[in-house]
Amino acid sequence: MPKADAAFVDLLRAELGEVAIVTGSDADDQTIDAYGKPTAIDSVIVRPANVNEVSFTVKACADAGIAIVSQGGNTGLSKGTYLPEHQPSIILSLARLNQIESIDPERWTITAQAGVTIQAVQEAAAGVGRLFAPDWGARGSASVGGAVATDAGGNNVVRYGNMRDNVMGIEAVLADGSIWDGRRSLRKDSSGYDLKHLFIGSEGTLGVVTSAVLKLVPATPYATSTLAAITGLDALMPLLTLAQKHGAGTLTAFELIPDVAMARVDELFGRGKAIDAGTEFSVLVKLASSEPVDDMIASFLSAGVDAGYIVDAIVAGTPDQEASLWTLRDDIPPSTTYRETQHHGIKLDTAVPIDHIEEFIRRITASAKEIAPMALCYGFGHIGDGNIHMMILPITEETIEPWLEVKPAMEAAIDETVFDLDGTLSAEHGVGLLLRDRVGPQKQELEWDMMRSVQRALDPDNVFNPGKLIPDPAS
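Residues numbered from 1 in each chain as written. Predicted model: local features only at pLDDT ≥ 70, side-chain atom pairs only at ≥ 80, totals over all residues. Heavy atoms only, no water.

Another aspect to go through is the overall build of the protein chain. What the protein chain contains, in helices and strands, is 15 helices and 19 strands. Dimensions of the protein chain along its principal axes, counting C-alpha atoms only, are 70 × 60 × 45 Å. Counting across all 475 residues of the protein chain, residues that qualify as buried make up 52%. Accessible surface, the protein chain: about 20000 Å² in total, of which carbon and sulfur atoms supply 50%. The protein chain carries 36 positive and 65 negative side-chain charges, and their two centres are separated by 4 Å. (Helix = DSSP H or I, 4+ residues; strand = E, 2+ residues; numbered from the N terminus. Buried < 20%, exposed > 50% of the residue type's maximum accessible area, 1.4 Å probe, protein only. Areas by Shrake-Rupley, 256 points an atom, 1.4 Å probe, with all protein chains shown as cover. Lys, Arg positive; Asp, Glu negative; His and termini not counted. Charge placed at Lys NZ, Arg CZ, Asp CG, Glu CD.)

The structure is reproduced here in structure tokens:
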């Protein structure tokens, strides 16, 4: 894994200042991914303080033939910030671009630099009586730039959409160091290609996003969640329909919570199971509005019970209870529940059309039972948008080796199921290196060729995050 030579690093240091350059063990400490694995060894991290310094860095790298891997909050799960193995490179950290540049409540926008955390944007919006809707567990460390680069999703997509639906304009540095300021706040603009969408979800392969104009929505001070134990997976779609009907315009989240994951959270933290009705699955449903929604929640639950889909339910009656239910949801991923062995497992970021959710979960579960009986398999996540995070992972040291022997076969079965159901391997975490060599069959080759053409046009020398996102034609 070659790195930029000392003379080049000295050039950057002279222009950007000593504080902008991180090397040695200090760099190693900042290149550990969400699985606890290093994204680089003996790397150089460059930390520009503004868009002009980003521009200088990009141009210098382009002139010297050095690759650039942009880094946001380093919370990614798809190996999107791993350095190339056969090309000198730097990590371009956007951490110092951490300013909220403007808040315009009348325009319903907030403009934030790439290094601002999602939580900071949320808090700034709340300070002017507005809501920035995208939300997920890593909100305190995930950054605007990274969220734009991966088109991040989260818990509220069913109502507000992915990051793409909440970005109105961006500023980006292109491969020759030029700065494109596309930070417009227009709600409607039919004057040509909407170029910002090329960069949203591009995983840093087309340029460096340095700032974004983000959409704000009305605040929802009245939010109520319910955790309802359900009869089975066949209840999911009817219950989603009931939630949309009885919570019209207020349904914000609709999450699948497996009992095995709830039990594990209780085992680890001793909080007690939030609900214990003896069912395999529950759903966590949130309604939020500018007016009280308690009657809507009650109506939804009553309809679900009458239809025979809900066995038992609890309703958050206080802000603390509301927070407790969503802490449970945040704690379910294996990065919390099976931290010691989770890096050996498979964490799916798949999405399928919502009417295929039940079939998808059943087929993956059956494949895991046949191929990997030594592994734990369960699914959770965003039922409202079809984004199901299935987990297949060893949970004891003794099962790691036999699991690793069958892991490739399990991945092949997953891919076959996803593509058969017209799904995607990457719904909100990105492709990165993790899925690059598996995602090819998901699209027609013509579509991949169109993407390659866009990449060559914007980055002809392959400076930005080489080897990520787009599969090799030969694969």
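Once you've had a look at it, read on.
This part takes up the packing of aromatic side chains. Across all of its chains, the model carries two aromatic pairs by this definition. The ring of Trp326 carries the charged tip of Lys286 above its face, separated from the ring centre by 5.9 Å. Directly above the ring of Trp448 sits Lys443, whose terminal nitrogen or CZ lies 5.6 Å from the centroid. (Phe/Tyr/Trp six-rings, centres within 6.5 Å; stacked < 30°, edge-to-face > 60°. Lys NZ or Arg CZ within 6 Å of the ring centre and 35° of its normal.)

All chains considered together, the criterion is met by 25 salt bridges. Note that Arg183 and Asp181 form a salt bridge whose closest N and O atoms lie 2.9 Å from each other. A residue is classified by how much of its surface remains accessible, and Asp181, at 43% relative accessible area, is partly exposed. Note that Asp194 and Lys196 form a salt bridge whose closest N and O atoms lie 2.8 Å from each other. Accessibility expressed as a relative area gives 41% for Asp194, which makes it partly exposed. Through salt bridges with shared partners, a single ionic network connects Glu101, Glu171, Asp181 and Arg183. (Salt bridge = Lys/Arg side-chain N within 4 Å of Asp/Glu carboxyl O.)

Attention now goes to the packing of helix α8 (residues 236–246) against helix α10 (residues 294–306). It is the contact of α8 with α10, at a shortest axis distance of 9 Å, that shows an interaxial angle of 150 degrees. Between α8 and α10 lies a crossing whose hand is right-handed. Contact residues: α8 offers Leu239, Leu242, Ala243 and His246, while α10 offers Met296, Ser299, Phe300, Ala303 and Gly304. In terms of residue class, the contact of α8 with α10 is made up of six nonpolar, three polar and no charged. (Axes fitted to C-alpha atoms, helices over the stretch in contact; angles between N-to-C directions. Left-handed = near helix turned anticlockwise from the far one by under 90°. Contact = heavy atoms within 4.5 Å. Nonpolar A, V, L, I, M, F, W, Y, C, P; charged D, E, K, R; others polar.)

Tracing the backbone shows Asp415 in helix α14 (residues 400–420). A residue is classified by how much of its surface remains accessible, and Asp415, at 12% relative accessible area, is buried. Discounting chain neighbours no more than four positions away, the residues touching Asp415 are Leu425 and Arg438.

Looking along a regular strand, one sees the side chains alternate between the two faces of the sheet. In the sheet, strand β5 (residues 100–104) pairs with strand β6 (residues 109–113) via four bridges, with the strands oriented antiparallel. Its bridge partner being in β6, Ser102 is matched across the sheet by Thr111. Between β5 and β6, which pair antiparallel and follow one another directly, the connecting turn spans four residues, one of which, Trp108, has a positive phi of 60 degrees. (Pairing = 2+ DSSP bridges.)

Moving on, we come to the sheet that holds strand β10 (residues 208–215). Backbone hydrogen bonds are what pair the strands of a sheet, in a parallel or an antiparallel way. Spatial strand order, β5-β6-β10-β8-β9: five strands in an open sheet with antiparallel pairing. With partners counted over all chains shown, the strands left at the sheet margins are β5 and β9 (179–182), one partner each. Shown here is a sheet whose adjacent strand axes are inclined to one another by a mean of 10 degrees, direction ignored. Across the face of the sheet, helix α3 (residues 51–64) comes into contact with β8 (167–173), β9 and β10 while running at roughly 50 degrees to β8.

Strand order in the open sheet formed by four strands is β1-β2-β4-β3, with mixed pairing between adjacent strands. Either end of the sheet is taken by a strand with one partner, and the two such strands are β1 (21–22) and β3 (67–71). Note: β1 against strand β2 (residues 45–46), two bridges, orientation antiparallel. Residue pairing for β2: Ile21 is matched across the bridge by Val46. Packed onto the sheet, α3 meets β2, β3 and β4 (89–93) and runs at close to 170 degrees relative to β4.

Let us now look at unusual backbone geometry. Notably, Glu203 is not glycine yet its phi reads approximately 55 degrees, a positive angle. The residue Glu203 is located in the loop between α7 (196–199) and β10 in this model. The phi dihedral of Asp422 falls on the positive side, at around 60 degrees, and the residue is not glycine. Within the secondary structure, Asp422 is located in the loop between α14 and α15 (445–458).

Our focus in this paragraph is a nonpolar patch on the surface. Taken together, Tyr193, Leu195 and Leu198 make up a surface patch of nonpolar side chains, about 360 Å² in accessible area. As for its placement among the helices and strands, Leu198 is situated in helix α7. Using a relative accessible area of 36% as the deciding quantity, one classes Leu198 as partly exposed. (Patch = residues over 30% accessible without salt bridge, like charges linked within 9 Å, V, L, I, M, F, W, Y side chains within 5 Å.)

One finds Phe254, Phe360, Ile392 and Ile414 to be the most contacted residues of the largest nonpolar core, which totals 51 residues. Secondary-structure elements contributing two or more residues to this core are β12 (222–230), α8, β13 (251–258), β14 (281–289), α10, α13 (357–371), β19 (387–393) and α14. (Core = buried A, V, L, I, M, F, W, Y, C linked by side-chain atoms within 4.5 Å.)

Glancing now at the environment of Glu106. As for its placement among the helices and strands, Glu106 is situated in the loop between β5 and β6. Among the residues examined, Glu106 registers a relative accessible area of 75% and is labelled exposed. Through-space distance from the C-alpha of Glu106 to that of Gly440 is 44 Å; in sequence the pair is 334 residues apart.

Those residues of helix α9 (residues 259–269) that fall on the buried side of the exposure criterion are Ala261, Met262, Arg264 and Val265. When α9 is viewed along its axis, its buried side chains cluster within an angular range of 160 degrees and face the same direction. Gly270, located one to two residues past α9, shows a positive phi value of around 60 degrees. (Arc of directions from axis to C-beta.)

This paragraph deals with the environment of Glu280. Locating Glu280 in the fold gives a position in the loop between α9 and β14. Judged by relative accessible area, Glu280 falls into the exposed class, the value being 58%. Those residues in contact with Glu280, other than ones at most four positions away along the chain, are Pro258 and Asp259.

Between its terminal C-alpha atoms α15 stretches 20 Å, which fits the 20 Å expected from 14 residues at 1.5 Å a residue. Along α15, the positions that sit buried rather than exposed are Trp448, Arg452 and Gln455. The buried residues of α15 all sit within an arc of 60 degrees when viewed along its axis, so they share a single face. Away from its buried face, by an angle of more than 90 degrees, α15 presents the exposed residues Leu446, Met450 and Ala457. (Expected span 1.5 Å × (residues − 1).)

None of this, on its own, says anything about what the molecule does.
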